[in-house]
Amino acid sequence: MTTMQPEQIFQRLAQLFAAYQQEQTKGDYVVYLDPGELQKRLDLEQESLPGDWQELFHWVETYLHYAVKTAHPGYLNRMWAGANLPSIIGEMTAALTNTSACTYETAPVSTLMEKYLIQSMLDLVGFQHGVGQMTTGSSNANMIAMLAARNRYSHCVKQQGLFGRKELFAFVNEEAHYSLDRAANILGLGSEHLIKVPADEHGRMDTQILAAELERVSEAGGKPFFVTATAGTTVRGGYDRLEPLLALRESYNFWLHVDGAWGGPVVFSPKLRAQYLPLLEQADSFTLDFHKMSGTALMCNVLLMQGNSSELRQALSAGDESYIFREGEDGSVRDLGTLSLQCGRRVDSLKWFLDWKFYGREGLARRVEQYLELCAYAEAQILQHEQLEMAVPRESFNICFRFRAPAGMDAAKLNTAIRERMQRQGRYLVGTGFVRGELALRLLVTNTQVGRPEIDAFLAAVVRSGQEILTARDTAFQ
């Protein structure tokens, strides 16, 4: 059994992490094994000696060896990739200090950091009188916004429930994230009370159909209380137009929430904000994931709302909290747990604070602008290649494309096979999605290690894999 002093443990960790960091962008993005084979290699049930640090480091090394290298240029599968180094430092520091950001007395520095960051984001978005909180992600933030809206439009629902009162209806783009479905379920609205509005040719919510649905629900005695505008839909990257939604809000008095989990970082760039999110400052709430395009270590999100803290606190607080939370001397919110859905809160503010100070708004704006330029470049390369095609024109940061299938061949099966071939080779991991009922490869550029040469290499790998699959098929029939 190997015993070590704390300083030796940290030195060993530093060596392992430094070595992993240096190798993240090299070789394959993963040592790919099927689940059964990986299970055998890991041998998770093997006997261990309690207190043996050497064995512990063996498991750390094993984990790193088989882990997906999310900073690798071949990792193109999700809306997040390798994390910024400042935020990694923040994550490690938060783990080392191991506290909860629910009260000032247990997390004084992170409480003030979080308040500073929320105010900075409120100023940036343009919510002149607003409130906010850092949450576990936009799925949670979307639900909290819906919860606050539900309580605003049915004041007794918190105490009496939804029983025997006017039915509440929420409305979303049919291509909106599934977290809205889950929110409707958790909040007791029911899936039939989440109206999914068809999208137009750009993947945006059809506001004419929305207007008709709002009127239909109202005439039937229901209350349209919540509309979500998606800023960057998951598959196509469409941005719902805010101007017509704001006009409809004047007539139907609903809460207008903007889900910017994916496309929200355009707010860092004045040019891109004007292009994709004009009039955002007039929305009722807005959420943004910093762990996506901004590159902060998972998870890191902010929910911003118009108004003061009392509405958010009224929506989220319940039960006797006097044993833990205290008011500020001036009656203001001191402990951020009072504005949170959960009691225990991770110190996510440190990660975002270090990124915000290190890169600045201008640096983050340049990053997002460069991602958009790379997406335009990828689309142009696809359009000029005879064996590739766009599934739909690019709207923003999502490139939905496919390898052209020969006549009579199932394009979905062929492109699925191409994706799996590249994955099993450990070279590239790219996402898929259904657009107008047809499967497409979904290329997302949210990795600082990806530039034009990496996009060229990826597209060449798609073509090469497709050609190899077709050759193997033709050979099999000879």
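For the structure itself, consult the block above.
To keep things clear, this report deals only with the structure shown in the data block. Everything numeric here is computed off the predicted structure, so don't read it as measured data. (Residues numbered from 1 in each chain as written. Predicted model: local features only at pLDDT ≥ 70, side-chain atom pairs only at ≥ 80, totals over all residues. Heavy atoms only, no water.)

## A short note on empty space enclosed by the protein
Applicable threshold: The way it works is a 1 Å grid over only the protein atoms, where trapped points that fit a 1.4 Å probe form a cavity and open points with protein on both sides within 12 Å along at least five of seven lines form a pocket, and then any residue with an atom within 4 Å of a point lines it. Grid points are joined across faces, edges and corners, and a volume is the space filled by probe spheres set on the points. Gly counts as polar in this scheme, as do all residues outside two lists: the nonpolar Ala, Val, Leu, Ile, Met, Phe, Trp, Tyr, Cys and Pro, and the charged Asp, Glu, Lys and Arg.
Summed over all chains, the structure comprises one cavity of 30 Å³ or more. Space inside the largest cavity adds up to approximately 50 Å³. Lining the largest cavity are Ala81, Gly82, Asn84, Lys292, Gly295, Arg367, Tyr371, Thr446, Asn447 and Thr448. Here the residues of the lining of the largest cavity sort into two nonpolar, six polar and two charged.

## Quick look at helix H12 (residues 309-316)
The following threshold applies: Only protein chains enter the accessibility calculation, which uses a 1.4 Å probe; a residue whose area is less than 20% of its type maximum is buried, one above 50% is exposed, and one in between is partly exposed. Counting from the N terminus, the helices are the DSSP runs of H or I reaching at least four residues and the strands are the DSSP runs of E reaching at least two. The arc refers to the directions leading from the helix axis to the C-beta atoms. Here, two residues are considered to be in contact whenever any of their heavy atoms come within 4.5 Å of each other.
Here H12 has its buried residues at Leu312, Ala315 and Leu316. One side of H12 carries all its buried residues, which in axial view fall inside an arc of 85°. Tucked into the core, H12 has its buried residues touching strand E2 (130-135), helix H6 (138-153) and strand E8 (301-306).

## Some words on the packing of aromatic side chains
Worth spelling out the cut-off: Each Phe, Tyr or Trp ring, with Trp reduced to its six-membered ring, pairs with another whose centre is within 6.5 Å; inter-plane angles below 30 degrees give stacked pairs, above 60 give edge-to-face pairs, and intermediate values give tilted ones. We call a charge positioned over a ring when the NZ of a Lys or the CZ of an Arg lies within 6 Å of the ring centre and within 35 degrees of the ring normal.
Counting across every chain of the model gives 14 aromatic pairs. Between tyrosine 75 and tryptophan 80 the ring centres are 5.6 Å apart and the planes differ by 40°, which places this aromatic pair in the tilted class. Among the aromatic residues, ring-to-ring pairing joins Tyr239, Trp262, Tyr276 and Phe397 into one connected group. When the ring centre of phenylalanine 57 is taken as origin, the NZ or CZ atom of arginine 12, which lies over that ring, is 5.9 Å away. Sitting above the plane of the tyrosine 359 ring, arginine 367 keeps its charged end 4.9 Å from the centroid.

## Considering the sheet that holds E8
Definition in use: For two strands to be treated as a pair, DSSP must find at least two bridges joining them. An axis is simply a line fitted to the C-alpha atoms; with a helix, the fit covers only the stretch in contact. Between two such axes, the angle follows the N-to-C directions and lies from 0 to 180 degrees.
Strand order across the open sheet formed by seven strands is E2-E8-E7-E6-E5-E3-E4, with mixed pairing between neighbours. Single-partner strands in this sheet number two, and they are E2 and strand E4 (194-197). Across the sheet, the mean angle from the axis of one strand to that of its neighbour is 20°, orientation sign disregarded. Where strand E6 (residues 255-260) meets strand E7 (residues 285-289), four bridges bridge the pair, whose relative direction is parallel. Its bridge partner lying in E7, histidine 257 is registered against serine 285. Across the sheet, helix H8 (residues 179-186) lies against strand E3 (168-173), E4, strand E5 (223-230) and E6, angled at about 160° from E4, the strand it touches most.

## Looking at the pattern of salt bridges
Spelled out, the test is: In the sections that follow, a salt bridge refers to a side-chain nitrogen of Lys or Arg positioned within 4 Å of a carboxyl oxygen of Asp or Glu.
One pass over the structure, following the stated rule, counts 25 salt bridges. The partner of glutamate 213 in a salt bridge is arginine 216, with the nearest N and O atoms 2.8 Å apart. Taken together, the positions of glutamate 213 and arginine 216, both in helix H9 (residues 207-219) and three residues apart, correspond to about one turn of that helix. When salt bridges with common partners are traced through the structure, they connect Glu91, Arg346, Asp348 and Lys351 into a single cluster.

## A closer look at the nonpolar core
Operational definition: The set of buried Ala, Val, Leu, Ile, Met, Phe, Trp, Tyr and Cys residues whose side-chain atoms join them within 4.5 Å is what this entry labels a nonpolar core.
Counting 89 residues, the largest nonpolar core has Phe268, Leu277, Phe286, Trp352, Phe397, Phe401 and Phe458 as its most contacted members. Counting residues per element, this core draws most heavily on helix H13 (residues 349-383), which supplies 14 residues. Formed by 30 residues, the second largest nonpolar core is a distinct cluster that contains Tyr153, Leu168, Ala176 and Phe226.

## Focus on the pairing of E8
In terms of burial, E8 is a largely internal element, five of the six residues being buried. Note: E2 against E8, six bridges, orientation antiparallel. Across the sheet, glycine 130 pairs through a bridge with glutamine 306, a residue of E8. Bridging between E7 and E8 involves five bridges; their strand directions are antiparallel.

## A short note on the layout of surface pockets
Approximately 1200 Å³ is the volume attributed to the largest pocket. Taken together, 35 residues make up the lining of the largest pocket; nearest its centre are Tyr20, Gln21, Gln24, Ala83 and Ile88. Where the lining of the largest pocket is concerned, the elements lending two or more residues are helix H1 (6-23), helix H3 (53-66), helix H4 (85-97) and H13. Taken together, the residues that form the lining of the largest pocket break down as 23 nonpolar, 10 polar and two charged. Its volume calculated, the second largest pocket comes out at about 500 Å³. Taken together, 26 residues make up the lining of the second largest pocket; nearest its centre are Met79, His177, Tyr178, Thr234 and Lys292.

## Concerning the pairing of E3
Here is the rule we go by: By the criterion used throughout, a crossover qualifies as right-handed when its path from the first strand across the helix to the second strand runs clockwise, the strands pointing away from the viewer.
The buried fraction of E3 amounts to six of the six residues, a majority that puts the element mostly inside the structure. Bridging between E3 and E5 involves five bridges; their strand directions are parallel. Across the sheet, residue leucine 168 finds its bridge partner in E5, namely lysine 223. Strand direction decides the pairing type here: E3 and E4, joined by four bridges, are parallel. Across the sheet, alanine 170 pairs through a bridge with leucine 194, a residue of E4. Handedness of the crossover is the feature at issue here: the chain leaves E3, passes through H8, returns alongside E4, and the resulting connection is right-handed.

## Examining the sheet that holds strand E10 (residues 398-403)
Here five strands make up an open sheet; going across it, the order is E1-E11-E12-E10-E9 and the pairing mixed. In the strand order of this sheet, the two ends are held by strand E1 (75-76) and strand E9 (388-390), each with one partner. As paired elements, E10 and strand E12 (residues 438-444) share four bridges and run antiparallel to each other. Residue pairing in the sheet places cysteine 400 in a bridge with arginine 442 of E12. Sheet contacts for H13: E9, E10 and E12; angle to E9, the most-contacted strand, approximately 125°. Helix-sheet contacts for helix H14 (residues 411-424) involve E10, strand E11 (429-435) and E12, and the interaxial angle to E11 is about 160°.

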